[in-house]
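Structure assessment
Now for the letters of each chain:
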Amino acid sequence: METTSSFLKTLTKETKKPESEVISMAFQTGIKQLWREHILGQYLRDKISRDDAIESVGIDWVELAENQHKATMEDLAWALK
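What comes next concerns the included structure. (Residues numbered from 1 in each chain as written. Predicted model: local features only at pLDDT ≥ 70, side-chain atom pairs only at ≥ 80, totals over all residues. Heavy atoms only, no water.)

**Here we look at the packing of helix 3 (residues 50–57) against helix 4 (residues 59–80)**
Just so we agree on the cut-off: Note on geometry: axes are lines fitted to C-alpha atoms, helical ones only across the stretch in contact, with angles between N-to-C directions running from 0 to 180 degrees. A run of H or I in DSSP becomes a helix once it reaches four residues, and a run of E becomes a strand once it reaches two; helices and strands are each numbered from the N terminus. Roughly parallel here means an angle under 35 degrees, roughly antiparallel means over 145, roughly perpendicular means 65 to 115, and every remaining angle is called oblique. Contacts between residues were defined by any pair of non-hydrogen atoms, one from each residue, lying within 4.5 Å. Nonpolar residues are Ala, Val, Leu, Ile, Met, Phe, Trp, Tyr, Cys and Pro. Charged residues are Asp, Glu, Lys and Arg, and all others, Gly as well, are polar.
Contact pair helix 3 / helix 4: the axes reach a minimum separation of 7 Å and the direction vectors enclose 125 degrees. Looking at the two axes, helix 3 sits oblique to helix 4. Of helix 4, the residues touching helix 3 (which contributes R50, A53, I54 and V57) are I59, W61, V62, E63 and E66. Split into classes, the residues belonging to the contact of helix 3 with helix 4 amount to 6 nonpolar, no polar and 3 charged.

**Let's talk about the packing of aromatic side chains**
Put simply, the rule is: Pairing of aromatic side chains requires ring centres within 6.5 Å, counting the rings of Phe and Tyr and the six-membered ring of Trp. Pairs whose planes differ by under 30 degrees are stacked, by over 60 edge-to-face, and all others tilted. Lysine and arginine charges are scored as sitting over a ring when NZ or CZ, respectively, is within 6 Å of the ring centre and within 35 degrees of the ring normal.
The final tally for this structure, using the stated rule, is 0 aromatic pairs. One residue, R36, lies across the ring of W61, its end atom 4.2 Å from the ring centre.

Listed below in structure tokens is the structure:
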């Protein structure tokens, strides 16, 4: 099993970027992902509008969340029968 440090070493080597820059990029990516999840969660719980969600994270992410939510609800309905 690969470790975080081996991922970091590989990324540093393959991107030819300093370790500090790769770590910074990873941090930024993680924050963006948390933000997306927060916005999409608010949208799926009807706390913000679809338009607001699209403005914040983009139509592709909103449609993906909608499709995943629909599939989950269908699976749940099937399981409860």
